[in-house]
Amino acid sequence: MIELLGILLLVQGGGGLINRLLGSTDPSWFVQLHLLPSGMHVVVSALMVAGGVGLLFAERARKQRRRSE
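Criteria and cut-off values
Residues numbered from 1 in each chain as written. Predicted model: local features only at pLDDT ≥ 70, side-chain atom pairs only at ≥ 80, totals over all residues. Heavy atoms only, no water. Helix = DSSP H or I, 4+ residues; strand = E, 2+ residues; numbered from the N terminus. Rg over C-alpha atoms; globule rule 2.2 N^0.38 Å. Buried < 20%, exposed > 50% of the residue type's maximum accessible area, 1.4 Å probe, protein only. Polar contact = N/O pair within 3.5 Å; in protein donor to acceptor, adjacent residues only side chain to side chain. Contact = heavy atoms within 4.5 Å. Axes fitted to C-alpha atoms, helices over the stretch in contact; angles between N-to-C directions. Parallel < 35°, antiparallel > 145°, perpendicular 65-115°, else oblique. Left-handed = near helix turned anticlockwise from the far one by under 90°. pLDDT = per-residue confidence, 0-100.

Asker: When you look at the overall build of the protein in this model, what are you seeing that I'm missing?
Answerer: Looking only at helices and strands, the protein features 3 helices and 0 strands. If you list the helices and strands of the protein from N to C, you get α-α-α. Since a compact globule built from 69 residues should have a radius of gyration of about 11 Å, the 14 Å found for the protein marks it as more spread out than a globular shape. Dimensions of the protein, computed from the C-alpha atoms along their principal axes, are close to 50 × 15 × 15 Å.

So this is what it looks like as structure tokens:
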């Protein structure tokens with residue numbers, strides 16, 4: 001379940017970031033682009049990518065610790 005949340009954050013954040021960096025004004029299906037003011041899109045998208053990557057690495061480390069015990 002944590003992996004699913006990490007992947008979701010990574011996809012939503014990465015897609016929203018690419019959407020804004022390429023200059024699109026259409027919010028498409030990226031949730032943060034619908035909910036937040038336009039000045040916050042890039043920052044929140046980058047934070048979502050970082051959060052998703054962090055969750056995925058933390059879950060991977062947790063699984064490796066379990067295997068080594």
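From this point, the narrative continues.
Asker: Would you mind showing me how to read the side chain of Gln32 here?
Answerer: Relative to the elements of secondary structure, Gln32 occurs in helix H2 (residues 31-35). For Gln32, a relative accessible area of 4% gives the class buried. At 3.0 Å, the side chain of Gln32 forms a polar contact with the backbone oxygen of Gln12. Apart from the residues lying within four places of it in its own chain, the contact partners of Gln32 are Gln12, Gly13, Gly16, His41, Val44, Ser45 and Met48.

Asker: Can you walk me through the environment of Asp26 in this structure?
Answerer: Tracing the backbone shows Asp26 in the loop between helix H1 (2-21) and H2. For Asp26, a relative accessible area of 48% puts it in the partly exposed group. Every residue in contact with Asp26, bar those within four places of it in the chain, is listed here: Asn19 and Arg20.

Asker: What is the right way to look at the packing of H1 against helix H3 (residues 41-68) in this model?
Answerer: Helix-helix packing is described using two parameters, namely the angle between the two axes and the distance between the axes. As a packed pair, H1 and H3 sit with axes 7 Å apart at the nearest point and diverge in direction by 155°. As judged from the angle between their axes, H1 and H3 are roughly antiparallel. Considering only the axes of H1 and H3, their crossing is left-handed.

Asker: What should I look at first to understand unusual backbone geometry in this one?
Answerer: Working note: non-glycine residues mostly have negative phi, and peptide bonds are mostly trans. The phi dihedral of Ser28 is positive, around 55°, even though this residue is not glycine. Along the chain, Ser28 turns up in the loop between H1 and H2. Given the relative accessible area of 33%, Ser28 is considered partly exposed.

Asker: Hey, could you run me through the confidence of the model for the protein in this one?
Answerer: Close inspection of predicted coordinates is inappropriate in any region flagged by low pLDDT. When pLDDT is averaged across the protein, the result is 93; 100% of the residues are at 70 or more. Within the protein, H3 carries the highest mean pLDDT (95), whereas H2 carries the lowest (91).

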